[in-house]
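Summary of structural features
Read off the chains here:
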Amino acid sequence: MFLKGKRALVTGSTSGIGLAIAKALRNEGADIILNGLGDPDEIAALQQQIGADFNGANLMDPAAIEAMFAEIGAIDILVNNAGMQHVAPVEEFPVEKWDAVIALNLTAAFHTTRLAVPGMKAKGWGRIINTASAHSLVASPFKSAYVATKHAMSGFTKTVALELAEFGVTANCISPGYVWTPLVENQIPDTMKARGLTREDVINEVLLAKQPTKTFVQPEEIGAMAVFLCRREAANINGANWSVDGGWTAE
Ligand code: NAD
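Residues numbered from 1 in each chain as written. Predicted model: local features only at pLDDT ≥ 70, side-chain atom pairs only at ≥ 80, totals over all residues. Heavy atoms only, no water.

**Section: the pairing of strand β6 (residues 169-176)**
Quick reminder of the rule: Partly exposed describes any residue whose relative accessible area lies between the buried limit of under 20% and the exposed limit of over 50%, with all areas from a 1.4 Å probe on protein chains only and scaled to the type maximum. Each helix is a run of H or I in the DSSP string that is no shorter than four residues. Each strand is a run of E no shorter than two, and both are numbered from the N terminus. We treat two strands as partners when DSSP finds at least two bridges between them. When the strands point away from the viewer, a crossover counts as right-handed if the route from the first strand across the helix to the second turns clockwise.
Counting buried positions along β6 yields eight of eight residues, so the element is predominantly enclosed. Across the two faces of β6 the burial is the same, with V169, A171, C173 and S175 and T170, N172, I174 and P176 all buried. Relative to β6, strand β5 (residues 126-131) runs parallel, the two being bridged by six bridges. By the bridge assignment, I129 is partnered in β6 with N172. Between the parallel elements β5 and β6, the chain passes through helix α5 (residues 144-164) in a crossover that is right-handed. Here β6 pairs with strand β7 (residues 241-244) via four bridges, running parallel.

**Observations concerning the packing of helix α1 (residues 16-27) against helix α9 (residues 219-230)**
Note the following rule: Between the N-to-C directions of two axes lies an angle of 0 to 180 degrees, each axis being a line fitted to C-alpha atoms and, for a helix, fitted only over the stretch in contact. An angle below 35 degrees is read as roughly parallel, one above 145 as roughly antiparallel, one from 65 to 115 as roughly perpendicular, and any other as oblique. Throughout, a crossing is termed right-handed when the near helix is turned clockwise from the far one, and left-handed when it is turned anticlockwise from it by less than a right angle. The criterion used for residue contact is that any of the two residues' heavy atoms lie within 4.5 Å. The residue classification treats Ala, Val, Leu, Ile, Met, Phe, Trp, Tyr, Cys and Pro as nonpolar and Asp, Glu, Lys and Arg as charged. All others, Gly included, are polar.
Remark: α1 packs on α9, axes separated minimally by 8 Å, with the N-to-C direction vectors making an angle of 45°. Between α1 and α9, the angle falls in the class oblique. The crossing of α1 and α9 is right-handed. Where α1 approaches α9, its residues G16, I17, A20, I21, A24 and L25 are matched on the opposing element by P219, E220, I222, G223, A224, A226, V227 and C230. Class assignment of the residues belonging to the contact of α1 with α9 gives a composition of 11 nonpolar, two polar and one charged.

Pasting the structure below:
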């Protein structure tokens, strides 16, 4: 319970990887603020199950992010995890989808970070953990907006890490390979269309083909990595991009 007394905001934690990170930090005693979209009854049940607060700010709206911080105040741990995908050839990529992916996957993290940093600096301790992706290091076709934002997150994280290094605050990326969550499941139909493949072929020849282990990463593995980055022993891990991708980006 080494995180007792620490407050953590995990964005996009009503589902998938963010939920697993929130649970893992909670298991170490952190007070959790969940964030994300979803059915209010299901979110209330999650809150009860984990013992967490919730703020439903839509992260595509900078004013909503400011209102969230006005409500929650200073936090010790910020996990920028909310994200979305859209799969389409670049010349057909819907302009509004491009804007949405940039707003959620990248710009939201700028706003949460700028609003969280003063409180962390004042306390002389903080952890900023950004869920990037294997797509922060390598590209795949038909994912131009997503790959652009994830590469950008790596650069943003390094910059913040340098700025905060002397204040007891670290900033790092965790870069998963494919994790079986709604984000991955929902991209299968568009990938089938873009590549002319069946569902099974997309899973085996597009998704798992990338991962030398031929298995999906488990959300809990990302949660465990986030916990480690909060430990005292991780104080000098700063500006790093931790791959958890079964070896995908080693090729
Ligand atoms: P998910 O779809 O299960 O969860 C996304 C979360 O973001 C949900 O809680 C959702 O409610 C929230 N969200 C969506 N739009 C929002 C908005 N406008 N405002 C606030 N919250 C919003 O996806 P996931 O797979 O758990 O993805 C989480 C992160 O991990 C993303 O940044 C994603 O890019 C990254 N990632 C996922 C994989 C994967 O294979 N699943 C791999 C690498 C990186």
